[in-house]
Amino acid sequence: VQLQAFGGGLVQAGGSLRLSCAPSGGTFSSYIMGWFRQAPGKEREFVAAITWSGGSTFYADSVKGRFTISRDNAKNTEYLQMNSLKPEDTAVYYCAAGKNSRSIRLDTAYGYWGQGTLVTVSS
C-alpha cells in the first residue's frame, strides 16, 4: 500500500493551493494522517496532522491560521488547504499515515509515506 500526494505547483505569494493524498490500495480510515515538508537544505518538518475521526487537528506554529487539514474517510482521502502562501512555504510536501496518535507531530509516528509533491511559492 502506498500513499500518493497531488496538487503541488507554482503559486505567487498570497495565493492558495490544495494538496490531496490517497492510498493506491487499501484504506487509511483508522489511521492518523499527517503532512510534513522538506525545504532545500533543511530537515523534514511537521506541518499538520489529523486524527482518524477528524475530530482533532494539529498544526505547526508557522502554518497555523493559514493551512487547514481535513479528511474524507468515505473517499479515503486527506487534504491540506494552504492559503496566504509565503515563499518560506516552498518545499516538497509529504503525506503520511500512522497509528501512534500520541506522537502525532513526530515523523516516527508514521509508517506510510507518499512520494512528495513540490510546492513553490514565488515572491
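Residues numbered from 1 in each chain as written. Predicted model: local features only at pLDDT ≥ 70, side-chain atom pairs only at ≥ 80, totals over all residues. Heavy atoms only, no water.

S.K.: For this particular structure, what's the right way to read the nonpolar core?
M.R.: If you look at soluble globular proteins, the nonpolar side chains tend to sit buried side by side. Core analysis: the biggest nonpolar cluster contains 36 residues, and Trp35, Val47, Phe67, Leu80, Met82, Tyr93 and Tyr110 have the highest contact counts within it. Going through the elements one at a time, strand E1 (3-6), strand E3 (17-23), strand E4 (32-38), strand E5 (45-50), strand E7 (67-72), strand E8 (77-82), strand E9 (91-98) and strand E11 (117-122) are the ones with two or more residues in this core. When near neighbours in sequence (up to four residues on either side) are disregarded, Leu80 contacts Leu17, Arg18, Leu19, Trp35, Val47, Ala48, Phe67, Thr68, Ile69 and Tyr93. (Core = buried A, V, L, I, M, F, W, Y, C linked by side-chain atoms within 4.5 Å. Buried < 20%, exposed > 50% of the residue type's maximum accessible area, 1.4 Å probe, protein only. Helix = DSSP H or I, 4+ residues; strand = E, 2+ residues; numbered from the N terminus. Contact = heavy atoms within 4.5 Å.)

S.K.: Would you take a moment to explain the pattern of salt bridges for this structure?
M.R.: Where charged atoms from two side chains of opposite charge approach closely, those side chains can pair. Inspection of the entire model under this criterion finds five salt bridges. When the shortest N-O distance is used, the salt bridge between Arg37 and Asp89 registers 2.9 Å. Remark: Asp89 occurs in the loop between E8 and E9 and Arg37 occurs in strand E4; sequence separation between them is 52 residues. Residues Arg37 and Asp89 agree in their burial class; the two are buried. With a shortest N-O distance of 3.3 Å, Lys64 and Asp61 are connected by a salt bridge. (Salt bridge = Lys/Arg side-chain N within 4 Å of Asp/Glu carboxyl O.)

S.K.: Explain the state of the cysteines to me, please; I cannot follow it from the model alone.
M.R.: Here is the idea: a disulfide is a covalent bond, and it sits between the sulfur atoms of two cysteines. A complete count under the given rule lists one disulfide for this structure. With a sulfur-sulfur separation of 2.1 Å, Cys21 is cross-linked through a disulfide to Cys95. Disulfide Cys21-Cys95: the torsion about the S-S bond is 65 degrees, which places it as right-handed. Within this pair, whereas Cys21 is found in strand E3, its partner Cys95 is found in strand E9, the two being separated by 74 residues in sequence. (Disulfide = S-S within 2.5 Å.)

S.K.: Any chance you could explain the packing of aromatic side chains here in plain terms?
M.R.: How two aromatic rings sit relative to each other is given by the distance of their centres and the angle of their planes. Taken as a whole and judged by the stated rule, the model has seven aromatic pairs. Considering the side-chain rings of Phe28 and Tyr112, the 5.2 Å spacing of their centres and the 70 degrees angle between planes classify their relative orientation as edge-to-face. Note that Phe28 is positioned in the loop between E3 and E4 and Tyr112 in strand E10 (residues 110-113), a separation of 84 residues in sequence. On the accessibility criterion, Phe28 (4% relative accessible area) is buried. (Phe/Tyr/Trp six-rings, centres within 6.5 Å; stacked < 30°, edge-to-face > 60°.)

S.K.: Help me out: how do you make sense of the sheet that holds E7 in this one?
M.R.: If you walk across this open sheet you meet the four strands as E1-E3-E8-E7, and the pairing is antiparallel. Looking at which strands have only one partner, the edges of the open sheet turn out to be E1 and E7. Mean inter-strand twist for the sheet, computed between neighbouring axes without regard to direction, equals 15 degrees. Note that E3 and E8 share five bridges and pair antiparallel. Residue pairing in the sheet places Arg18 in a bridge with Gln81 of E8. (Pairing = 2+ DSSP bridges. Axes fitted to C-alpha atoms, helices over the stretch in contact; angles between N-to-C directions.)

S.K.: What is the right way to look at unusual backbone geometry in this model?
M.R.: Excluding glycine, a negative phi dihedral is what most residues carry, and trans is how most peptide bonds are arranged. Of note in the backbone geometry, Asn76 takes a positive phi value of approximately 55 degrees without being a glycine. Residue classification places Asn76 among the buried residues on the basis of a relative accessible area of 18%. Despite not being glycine, Ser84 shows a phi value in the positive range, around 50 degrees. For Ser84, the position within the fold is in the loop between E8 and E9.

S.K.: Explain the side chain of Asn76 here, please?
M.R.: Within the secondary structure layout, Asn76 lies in the loop between E7 and E8. Asn76 has contacts with Cys21, Ala22, Pro23, Gly26, Thr27, Phe28 and Ser29, leaving out every residue within four places of it along the chain.

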